[in-house]
Amino acid sequence: MNTLLLPASDDSVAQAADLIKNGELVGFPTETVYGLGADALNARAVLDIFAAKGRPADNPLIVHIARWEEMEPLCHVNGMARKLADAFWPGPLTLILPKKELVPREVTAGLDSVAIRMPSHPVARALIEKSGCPIAAPSGNRSGRPSPTLARHMMEDMDGRIPLILDGGPCDVGVESTVVALTGDVATVLRPGGVTPEMIAAVLGEVQVADSVMRPLKEGEAAPSPGMKHKHYAPKAHMTLYEGEAEAVARRIKEEYDCLDGAEKGLILAASGHLALYGSRSCADLGQDEWAAAHNIFALLRQADADGVTRVFSESWPENGVGLAVMNRMARAAGFDIVQV
Ligand code: AMP
Ligand code: MG
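Read on for an overview of the structure. (Residues numbered from 1 in each chain as written. Chains lettered and ligands numbered in written order. Predicted model: local features only at pLDDT ≥ 70, side-chain atom pairs only at ≥ 80, totals over all residues. Heavy atoms only, no water.)

1. A closer look at the pairing of strand β5 (residues 93-98)
Rule in force here: Partly exposed residues are those whose accessible area sits between 20% and 50% of the maximum for their type, while under 20% is buried and over 50% is exposed, using a 1.4 Å probe and protein chains only. Each helix corresponds to a stretch of at least 4 residues labelled H or I by DSSP, and each strand to a stretch of at least 2 residues labelled E; elements are numbered beginning at the N terminus. Strands are treated as partners if at least two bridges between them are detected by DSSP.
Within β5, 5 of the 6 residues are buried, leaving the element largely enclosed by the surrounding structure. When β5 meets strand β9 (residues 178-181), the two strands line up parallel, connected through 4 bridges. The partner of Leu95 across the bridge, within β9, is Val180. One ladder, built from 5 bridges, connects β5 with strand β6 (residues 113-117); its direction is antiparallel. Across the sheet, Leu97 pairs through a bridge with Val114, a residue of β6.

2. Remarks on the site of ligand 1
For clarity, the threshold we go by: A molecule or strand has a residue near it when one of that residue's heavy atoms lies within 4 Å. Under this definition, polar contacts are N or O atom pairs within 3.5 Å; protein pairs additionally need one hydrogen-donor-capable and one acceptor-capable atom, and for neighbouring residues in sequence, both atoms have to be side-chain atoms. Values of accessible area rely on a 1.4 Å probe in the Shrake-Rupley scheme; residue burial ignores everything except the protein chains shown. Using a grid of 1 Å spacing that covers the protein atoms alone, one calls a set of points a cavity when a 1.4 Å probe fits there but cannot get out, and a pocket when the set is open and has protein on both sides within 12 Å along at least five of seven lines; lining residues are those with an atom within 4 Å of a point. Cavity and pocket membership follows a simple rule, namely that a molecule belongs there if more than half of its atoms are within 2 Å of the grid points. Ten residues, namely Ala, Val, Leu, Ile, Met, Phe, Trp, Tyr, Cys and Pro, are considered nonpolar, four, namely Asp, Glu, Lys and Arg, are considered charged, and the remaining ones, Gly among them, are considered polar.
Taken together, 16 residues sit near ligand 1, with Asn59, Ser113, Pro138, Ser225 and Gly227 positioned nearest. Arg55 is positioned with one of its side-chain polar atoms (N or O) 3.3 Å from an oxygen atom of ligand 1. The contact in question runs from an oxygen atom of ligand 1 to an N or O atom on the side chain of Asn59, over 2.7 Å. Considered on its own, ligand 1 offers 500 Å² of accessible surface; in the complex 94% of this is hidden by protein. Under a 2 Å grid-point criterion requiring more than half of the atoms, the pocket assigned to ligand 1 is the largest pocket. Breaking the shell around ligand 1 down by element, the ones donating at least two residues are β6 and β10 (188-191). Classifying every residue of the shell around ligand 1 gives 9 nonpolar, 5 polar and 2 charged.

3. Some remarks on the sheet that holds strand β16 (residues 338-340)
By definition, the strands of a sheet pair up through backbone hydrogen bonds, in either a parallel or an antiparallel sense. Which entries qualify depends on this criterion: Every axis in this analysis is a line fitted to C-alpha atoms, fitted for helices over the stretch in contact. Angles between the N-to-C directions lie between 0 and 180 degrees. By the convention used here, residues are in contact when the closest approach between their heavy atoms is within 4.5 Å.
Read across the open sheet, the 5 strands follow the order β14-β13-β15-β12-β16; overall the sheet is parallel. In this open sheet, the two strands that pair with only one neighbour each are β14 (283-287) and β16. Averaged over all adjacent pairs, the angle separating strand axes in this sheet is 25°, with direction ignored. Helix α8 (residues 246-258) contacts β12 (238-243), β13 (266-271), β15 (311-315) and β16 of the sheet and is inclined by roughly 175° relative to β15. Contacts from helix α10 (residues 323-333) reach β12, β15 and β16, with the element oriented near 135° to β12.

In structure tokens form, the structure reads like this:
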């Protein structure tokens, strides 16, 4: 299959909507990361998403809608959902609610709940509107790889597998949506993202963060969200995260970097303000704050792959605000190889 990469325009969005209506797959930009979309009500098209990504069959998809009225046929709405949607939709927040019959089990990987989000990106919204159906879309990477934040990243992973990718420029947030389960008494964050636990607590008064957000699942432990079971976001290089006071972390990273043998290629991920600590060693700038780090992290991991890096040494971010989402992605990218300095 020949994959077209077109700048998002009225014409290309109309072309993409026709493909979706025909049960085909389309790559499109959202404010979080690029998504790989199909008609959420077409079970066969949904299965094609799993095949194109190489996604484990037990990892459910997020259904994207453009208007609140689309919720009612898909799920059982509750008060928490209404409040959160009022506050944060359209935006980077996914709500898990009990599903209705209309949603194919292929979308939810057999679960009785469904994940729904209303994106704010104008191209995503136009695509949903023009397609006339909810769009099931996971991140547009091959399973396990860093999520795409540029159309070019999606092309790297999906060239030859899907007919069309819409290019809407770089994604604003840069990490996937916050996933919050609203199926119990207390809202529970299953995956941190651009809408932070602090922001959710300000609306609902109370929120939990699943503790497996920042650690690997234990042997035999049930995953609150299937996505937690799988290897994620990983560069080809072995990556290690270092936590501690900045100067001590830099000393430790430099020691390890300087021990690499000639066959290895190292890269240090550091905050803008710390780059000078690493002298002439090969560094990539994570940014000035946690929002910049969220925006940059996946592109930097992909660049490390493109540059043939074999070892990544990364600084950490404080786990408050969107820093929790950054650390969740980095910890998983590192396979939880985290060193306390
Ligand atoms: P992605 O589509 O790559 O952004 O991943 C979607 C995330 O949402 C994955 O981590 C899924 O496991 C999670 N998810 C989707 N549907 C559900 C659900 N019904 N219950 C719990 N987690 C879900
Ligand atoms: Mg993903």
